[in-house]
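# Chain and residue survey
What follows is the residue order along each chain.
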Amino acid sequence: MHPTIFALKRAYQATRASMNEELEQYGITAAQLDVLIALNGSGPLEQQDLQEALGVSSPTIARMLTTMEDELLVHREQSSDDARRKVVSITDEGSELLRTLEKQKEQEFTEQFLDGFNHTDAARLNWMLNTIADNMGDTSGDIFR
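So, here is what we can say about the structure in this document. Note that the coordinates shown come from a computational prediction; the quantities given were computed from them, not determined experimentally.

### Section: the pairing of strand E3 (residues 86–90)
- Counted residue by residue, E3 has four buried out of five residues, so it is predominantly covered.
- Summarising the sheet, strand E1 (residues 45–46) and E3 pair through two bridges and their orientation is antiparallel. Residue Glu46 lies in a different strand from E3, and its bridge partner there is Val87.
- Sheet topology places strand E2 (residues 74–78) next to E3; five bridges connect them, and they run antiparallel. Within E3, the position partnered with Glu77 by the bridge is Val87.

### What about the packing of helix H2 (residues 30–42) against helix H5 (residues 92–113)?
- The interhelical angle for the contact between H2 and H5, taken along N-to-C directions, is 105°, at an axis separation of 10 Å. With respect to H5, the element H2 is oriented roughly perpendicular. Judged by residue contacts, Leu33, Leu36, Ile37 and Asn40 of H2 engage Gly94, Ser95, Leu97, Leu98 and Leu101 from H5.
- A per-class count over the contact of H2 with H5 returns six nonpolar, three polar and no charged.

### Quick look at helix H1 (residues 3–23)
- Between the first and last C-alpha of H1 there are 30 Å, a value that for 21 residues agrees with the 30 Å anticipated at 1.5 Å per step.
- When we look at burial in H1, the residues that qualify are Thr15, Arg16, Ser18, Met19 and Leu23. Along the axis of H1, the buried positions cluster into a sector of 165°, meaning they face one direction only. Residues of H1 that are exposed and point over 90 degrees away from its buried face: Pro3, Arg10 and Glu21.
- Residues of H1 that are buried in the fold lie against H2 and H5.

### Quick word on the pattern of salt bridges
- Under the criterion given, the structure shown has eight salt bridges.
- Its salt-bridge partner being Glu46, residue Arg85 comes within 3.2 Å of it at the nearest N-O pair. Of this pair, Arg85 sits in the loop between E2 and E3 while Glu46 sits in strand E1, and the two are 39 residues apart along the sequence.
- Residue classification places Arg85 among the partly exposed residues on the basis of a relative accessible area of 36%.
- We note a salt bridge from Arg84 to Asp82, for which the minimum N-O separation is 3.0 Å.
- Classification of Arg84 by relative accessible area gives exposed; the value is 75%.
- Through salt bridges with shared partners, one network takes in Glu46, Asp82, Arg84 and Arg85.

Basis of the calculations
- Residues numbered from 1 in each chain as written.
- Predicted model: local features only at pLDDT ≥ 70, side-chain atom pairs only at ≥ 80, totals over all residues.
- Heavy atoms only, no water.
- Buried < 20%, exposed > 50% of the residue type's maximum accessible area, 1.4 Å probe, protein only.
- Helix = DSSP H or I, 4+ residues; strand = E, 2+ residues; numbered from the N terminus.
- Pairing = 2+ DSSP bridges.
- Axes fitted to C-alpha atoms, helices over the stretch in contact; angles between N-to-C directions.
- Parallel < 35°, antiparallel > 145°, perpendicular 65-115°, else oblique.
- Contact = heavy atoms within 4.5 Å.
- Nonpolar A, V, L, I, M, F, W, Y, C, P; charged D, E, K, R; others polar.
- Expected span 1.5 Å × (residues − 1).
- Arc of directions from axis to C-beta.
- Salt bridge = Lys/Arg side-chain N within 4 Å of Asp/Glu carboxyl O.

So this is what it looks like as structure tokens:
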């Protein structure tokens, strides 16, 4: 494996592990946080679109959403256009949790993540990572940008 690809993999895994450790006290995972961020930024999404944006399988998104519904963080309902499809939206509880995390953890986590980077380095890193995602066929569009 090319050293750059391996370094990116290591950085991703370390970031995810750190996020999961921090989020445990709030009763959610980094993957569930991704769901809340996507829904908060875009409004309601069809479950299939959310699945594609997150890059997870159909069974994985279904399990995550069932858990998050049980915790009252998201709500699913049938699409008005197609009864076979479900539309997912963030609940007031999910929005409140997201606001709490943004207020209490986002700056601390971002400072840890970008320690040793100046503003220009951080902007360049953001551009490089988005370019890699685009090069690799990312289809999430602007949901997470």
